Amino acid sequence: MVETDHHHYPPPPQVVVPPAAPPNFALSRGPTWTPAEQLHQLQCCIHSNPSWPQALFLAFQHYIVNLGTTVLIASTVVPRMGGDHGDKARVIQVLLFMSGINTLLQTLIGSRLPTVMGVSFAYTLPLLSIINDYTDEACTCEHDRFVRGMRTIQGSLIVSSFVNIILGYSRAWGELTRLFSPISMVPVVCHVGLGRFARGFPLLGNCVEIGLPMLILLVISQQYLKRIHSRGHLILERFALLFCIGIIWAFAAILTVAGAYNNVKTATKQSCRTDRSFLISSAPWIKIPYPFQWGTPIFRASHVFGMIGAALVSSAESTGTFFAAARLSGATAPPAHVLSRSIGLQGIGMLLEGLFGSLVGTTASVENVGLLGLTHIGSRRVVQISTAFMIFFSIFGKFGAFFASIPLPIFAAIYCILLGIVAASGITFIQFVNNNSMRNIYVLGVSLFLGLSIAQYSAMNTTYDGHGPVRTNARWFNDILNTIFSSPATVAIIVGTVLDNTLEATPVDDRGVQYNNGDDRTEEFYCYPLRIIEYIPTWIILFFYRL
């Protein structure tokens, strides 16, 4: 037997096949879009301008949109204060006048964004507190009660304005905004629009036969009819709002003259008829607002603290509106020093409003920011021209009262679209963060839900006379907390900022903080006008630049 050798060779190396990459479902379903800081369909950005004739009509649209909220708050509050139709007309004149002045200041030396400074509904609860105090006191007549209430509002606005001035020009507000990231700005900007849903369809529903046709006509004409002709595309896209207001306003006048509202409820008459505002008959032909026109201001500590809470809320809402305006006007995110000086200037505006006897303070108008997105025109010059309309019609009262007689459901139909555009612009900030991060989903979901839920709880537990869910023996303390927690945007900015800065993010870029860092274009968008800088001392320029 011959033995054969058995050689044992090592087994061949096993080739490890790498696991197949998961399929990219986004590519399989179509193209993807990279994050874009500027909207592609924007036709005029912040520093580009349409032709002068178009700019005039666009500016008039901004005036009309701002007029709606002005008339709404005056029509709601002045009768409860004891004022008559003449008092309401004078209040509207002062509100429009101060809106024009503050808008011009903000666009020149404030935020420099195309934002209209309109009335703020954050002051409603402090106003109701003042109304309740004077309702319980004995007054010789209702007009005296109204004048005393206006004098108290004057004093409260003057004192509370220093809160915004200090927060802004001490750099405190700017340092706070450094904590903001796109993930925390999503719920804030969304709630700036969605938080005003009561001014939309609920107000429209007070007169459906006017408000609903306005809503449908505006959507059809601005989005569908513009496709018929290339020239009509430009006209309807930018000026459909004016055409629709004219058509529906004429329709409401026909219904009024035909007697359609002769046998309806009083509330329906107030909402539907075109002759129930009584502003044209009661407004003076010429009236220039002047300081202390209601008399010497009255200072009460309890009312001042309530106004301080409203001032903080208006600052938070203005901040969210500034981010939306930057997005819809093609500008970079407003840096910290710009937000500081804008809030400080808003405080100076409140001081002027207290001196001139305004009913409420101002905040950045959300509705007018939505108009930037509707017309695709984010020009700063257009907003600056609109201030001329505000000041002109506030002085020549009869002419301003004519447009102020537009039924409120028409404005409500407009706000259904404009507020929705602002809310949607807040959603676009999600593109700058990691959408697949469970941490970001948690922050976004909790702040979105609590912003609406807490504010709704506050509204459901607020009585007709302004007593909110916080009811301690200190009314001033109640007013501060109830005002803060009744604002969805303020609640969202608190919850979102706290969660976003306390929960660990891995990696840090998931939060999208690099979006707020700006770039070389930031100075171009937010610098002061050249001629203004020439007349300002250097040390003042350096001081405000560092804010």
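Everything here concerns the structure above.
All figures in this text were calculated on a predicted structure; none of them were measured in a lab.

Draft legend 1. View of the state of the cysteines. This structure, assessed with the given rule, holds 1 disulfide. Not engaged in a disulfide, the cysteine C45 finds its nearest cysteine sulfur in C44; these two sulfurs lie 7.6 Å apart. Residue class for C45 comes out buried when judged on its relative accessible area of 18%.

Draft legend 2. Summary view of the nonpolar core. With 115 residues, the main nonpolar core has Y63, I153, M214 and L359 as its most contacted residues. The element best represented in this core is helix α2 (residues 52-81), accounting for 12 residues. Excluding anything up to four places from it in sequence, M214 contacts L241, C244, I245, I248, I410, A413 and I414. Core analysis: the second largest hydrophobic core is formed by 8 residues, C44, A55, V382 and I385 among them.

Draft legend 3. Up close: helix α7 (residues 182-194). In this model α7 runs 18 Å from its N-terminal to its C-terminal C-alpha over 13 residues, within 8% of the 18 Å that 1.5 Å per residue would give. Counting buried positions along α7 yields 12 of 13 residues, so the element is predominantly enclosed. When α7 is considered as a whole, its buried residues turn out to be P182, I183, S184, M185, V186, P187, V188, V189, C190, H191, V192 and G193.

Draft legend 4. A look at the environment of L194. Mapped onto the secondary structure, L194 falls in helix α7. Overall, L194 belongs to the partly exposed group, its relative accessible area being 40%. Residues L194 and I421, spaced 227 residues apart in sequence, show a C-alpha to C-alpha distance of 9.8 Å.

Draft legend 5. View of the packing of helix α9 (residues 208-223) against helix α18 (residues 408-427). Their axes nearest at 8 Å, the elements α9 and α18 cross at an angle of 40 degrees. As summarised for this structure, α9 and α18 are arranged oblique, according to the angle between their axes. Pair α9 / α18 crosses with right-handed handedness. Each of I210, G211, M214, L215, L218 and V219 in α9 lies in contact with α18, whose residues at this interface are P409, I410, A413, I414, C416 and I417.

Draft legend 6. Here's a closer look at the packing of aromatic side chains. Within this structure, the stated rule accounts for 18 aromatic pairs. Centre to centre, the rings of F57 and F239 are 6.0 Å apart; their planes meet at 70 degrees, and the pair counts as edge-to-face. On the criterion of sequence distance, the pair formed by F57 in helix α2 and F239 in helix α10 (residues 230-257) is long-range, its members being 182 residues apart. Taken together through their ring pairs, the aromatic side chains of F60, Y63, W249, F389, F392, F393, F396, F402 and F403 make up a single cluster. The ring of Y464 has R80 lying over it, and the distance from NZ or CZ to the ring centre is 3.8 Å. It is R341 that lies over the ring of Y528; its NZ or CZ is 4.5 Å from the centre.

Basis of the calculations
- Residues numbered from 1 in each chain as written.
- Predicted model: local features only at pLDDT ≥ 70, side-chain atom pairs only at ≥ 80, totals over all residues.
- Heavy atoms only, no water.
- Disulfide = S-S within 2.5 Å.
- Buried < 20%, exposed > 50% of the residue type's maximum accessible area, 1.4 Å probe, protein only.
- Core = buried A, V, L, I, M, F, W, Y, C linked by side-chain atoms within 4.5 Å.
- Helix = DSSP H or I, 4+ residues; strand = E, 2+ residues; numbered from the N terminus.
- Contact = heavy atoms within 4.5 Å.
- Expected span 1.5 Å × (residues − 1).
- Axes fitted to C-alpha atoms, helices over the stretch in contact; angles between N-to-C directions.
- Parallel < 35°, antiparallel > 145°, perpendicular 65-115°, else oblique.
- Left-handed = near helix turned anticlockwise from the far one by under 90°.
- Phe/Tyr/Trp six-rings, centres within 6.5 Å; stacked < 30°, edge-to-face > 60°.
- Lys NZ or Arg CZ within 6 Å of the ring centre and 35° of its normal.

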